[in-house]
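Analysis of the macromolecular model
Residue strings, one per chain:
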Amino acid sequence: MSDAAALPGQPRGLVVSGPATARAVNVLAPNPSAMTLDGTNTWLLSEPGSDLAVVVDPGPLDEGHLRHVVETAEKLGKRIALTLLTHGHPDHAEGAGRFAELTRTAVRALDPALRLGDEGLGAGDVLEVGGLEVRVVPTPGHTSDSLSFHLPADRAVLTGDTILGRGTTMVAHPDGRLGDYLDSLRRLRSLTVDGGVHTVLPGHGPVLEDAQGAVEFYLAHRANRLAQVETAVESGHRTAAEVVAHVYADVDRSLWPAAELSVRAQLEYLRERGLV
């Protein structure tokens, strides 16, 4: 068994720009960090043989990256016809306005403030562009406006920050809510069980070959963290900062601010259920 096969979700390996499935090409943004991992994955989607493409998450406002996405499409003989957003965090959406200018495309998102054009996105929407079918899956929790995009022909799902290619994501309290996030993970698990989804195309990190394994890992991780937070509170750690220092002691301190957001969401979840 390879090292990758032993990891949750079976990550494919190094994060690189290039084809990931028959219909998805990654264009990696040059914005690596502790929070964005290798950088933002900008996804270029197109049906084989079609000259039309859809871009998901143009990424940060980086002129070089945005033009590189356009050039990648052109080299493949594609014209970008539509831009979609998984959610509104700047590393995914800040460049959307400029990208719309470059491509003369509408930007569709769940949040009306992020849209450029008359149409948004909602649960159950099915988009068809040049023969490509993209199904909109609501996955709030990381943020309230988080969406995933199901590519049934590739048996794949684009998850934005709901599931990452490496590590786990945060629930961005107060906009993000843990109850919503757990429901979203269960919704994605149903896609892997009933919808035949095998592959995760994440917003950051490598492609995951075992979608169901990734979702199960995330659910188990959340259950474990919740139990740790509950125990920490029972031991006298009352504030989010105190809980982080206790529960996340083995995590890089540069990530503690993000961990505190998740802990606030977990404390809220536990209080709502009368558990702390």
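Preceding block: the structure.
Now for a quick tour of the structure. (Residues numbered from 1 in each chain as written. Predicted model: local features only at pLDDT ≥ 70, side-chain atom pairs only at ≥ 80, totals over all residues. Heavy atoms only, no water.)

Thoughts on the overall build of the protein chain
In terms of helices and strands, the protein chain carries eight helices and eleven strands. Over its C-alpha trace the protein chain gives a radius of gyration of 19 Å, about what one expects of a compact globule, namely 19 Å for 276 residues. In the protein chain, which comprises 276 residues, the proportion classed as buried is 53%. Partitioning the intrachain contacts of the protein chain with sequence separation of at least 6 by distance along the chain shows that 62% fall at a separation of at least 24. Accessible area of the protein chain: about 12,000 Å², with a carbon and sulfur share of 51%. On the protein chain, the mean spot of the 24 positive side-chain charges and the mean spot of the 36 negative ones are 1 Å from each other. (Helix = DSSP H or I, 4+ residues; strand = E, 2+ residues; numbered from the N terminus. Rg over C-alpha atoms; globule rule 2.2 N^0.38 Å. Buried < 20%, exposed > 50% of the residue type's maximum accessible area, 1.4 Å probe, protein only. Contact = heavy atoms within 4.5 Å. Areas by Shrake-Rupley, 256 points an atom, 1.4 Å probe, with all protein chains shown as cover. Lys, Arg positive; Asp, Glu negative; His and termini not counted. Charge placed at Lys NZ, Arg CZ, Asp CG, Glu CD.)

Things to note about the side chain of Thr86
By the element assignment, Thr86 lies in the loop between strand S5 (79-84) and helix H3 (90-93). A distance of 2.7 Å separates the side chain of Thr86 from the side chain of Asp57, its partner in a polar contact. Contact partners of Thr86, with chain neighbours within four places excluded, come to Val56, Asp57, His92, Asp145, Ser146, Leu147, Phe149 and Gly160. (Polar contact = N/O pair within 3.5 Å; in protein donor to acceptor, adjacent residues only side chain to side chain.)

Digging into the packing of aromatic side chains
Under the definition given, this model contains one aromatic pair. Their ring planes at 75° and their centres at 6.1 Å tell us that Phe217 and Tyr218 sit as a pair that is edge-to-face. Its relative accessible area of 32% is what places Phe217 among the partly exposed residues. Arg225 extends its terminal NZ or CZ atom over the ring of Tyr248, reaching a point 4.2 Å from the ring centre. (Phe/Tyr/Trp six-rings, centres within 6.5 Å; stacked < 30°, edge-to-face > 60°. Lys NZ or Arg CZ within 6 Å of the ring centre and 35° of its normal.)

Quick notes on the environment of Asp62
Looking at the element boundaries, Asp62 is found in the loop between strand S4 (52-56) and helix H2 (63-75). A sequence separation of 163 residues divides Asp62 from Arg225, and the C-alpha atoms of the two residues are 36 Å apart. Of note is the side chain of Asp62, whose polar atom sits 2.8 Å from the backbone nitrogen of His65.

As for the sheet that holds strand S9 (residues 147-151)
Where strands meet in a sheet, backbone hydrogen bonds hold them as pairs that are either parallel or antiparallel. Across the sheet, five strands lie side by side as S7-S8-S9-S10-S11; this open sheet has mixed pairing. Of all strands in the sheet, those bounded by a partner on one side alone are strand S7 (126-129) and strand S11 (199-202). Ignoring strand direction, the axes of neighbouring strands in this sheet form an average angle of 25°. The pairing of S9 with strand S10 (residues 156-160) spans three bridges and is classified as antiparallel. Paired with Phe149 across the two strands is Leu158, which belongs to S10. (Pairing = 2+ DSSP bridges. Axes fitted to C-alpha atoms, helices over the stretch in contact; angles between N-to-C directions.)

As for the pairing of S7
Here S7 shows one buried face, formed by Leu127 and Val129, and one open face, formed by Val126 and Glu128. Note that S7 and strand S8 (residues 132-138) share four bridges and pair antiparallel. If you follow Val129 over to S8, its bridge partner there is Leu132. Connecting the antiparallel pair S7 and S8 is a turn made up of two residues, with Gly130 showing a positive phi of about 60°.

Observations concerning the packing of helix H5 (residues 178-194) against helix H8 (residues 256-272)
Axis angle and axis distance: for two packed helices, these are the angle between their axes and the distance between the axes, and together they describe the pair. Remark: H5 packs on H8, axes separated minimally by 8 Å, with the N-to-C direction vectors making an angle of 95°. The angle between the axes of H5 and H8 places the two elements in the roughly perpendicular class. Residues Leu178, Gly179 and Leu182 of H5 pack against Ala265, Gln266 and Tyr269 of H8. Residues of the contact of H5 with H8, tallied by class, amount to four nonpolar, two polar and no charged. (Parallel < 35°, antiparallel > 145°, perpendicular 65-115°, else oblique. Nonpolar A, V, L, I, M, F, W, Y, C, P; charged D, E, K, R; others polar.)

What to know about the environment of Arg108
Along the chain, Arg108 falls in strand S6 (residues 107-108). Take Arg108: its relative accessible area is 11%, and that puts it in the buried class. Sequence separation of Arg108 and Val56 is 52 residues, and the distance between their C-alpha atoms is 9.7 Å. Sequence-distant contacts of Arg108, that is, excluding residues within four places in its chain, are made with Leu82, Thr83, Leu84, Leu85, Glu119, Gly120, Leu121, Asp125 and Leu127.

Things to note about the nonpolar core
Of all hydrophobic cores here, the largest spans 36 residues; its most connected members are Ile163, Leu178, Val243, Tyr248 and Val263. Every element with two or more residues in this core is listed here: H5, helix H6 (211-234), helix H7 (240-247) and H8. Discounting chain neighbours no more than four positions away, the residues touching Val243 are Val229, Ala232, Val233, His237, Tyr248 and Val263. In terms of nonpolar packing, the next biggest core, distinct from the first, is built from 22 residues, Leu52, Leu127, Leu132 and Leu147 among them. (Core = buried A, V, L, I, M, F, W, Y, C linked by side-chain atoms within 4.5 Å.)

Digging into the sheet that holds S6
Here six strands make up an open sheet; going across it, the order is S1-S2-S3-S4-S5-S6 and the pairing mixed. Each edge of the open sheet carries a strand with a single partner, namely strand S1 (18-19) and S6. For strand S3 (residues 41-45) and S4, the ladder comprises three bridges, and the chain directions are antiparallel. Residue pairing for S4: Leu45 is matched across the bridge by Val54. Contacts from H2 reach strand S2 (24-28), S3, S4 and S5, with the element oriented near 150° to S2. In the packing of helix H4 (residues 96-103) onto the sheet, the strands contacted are S4, S5 and S6, and the crossing angle to S5 comes to about 155°.

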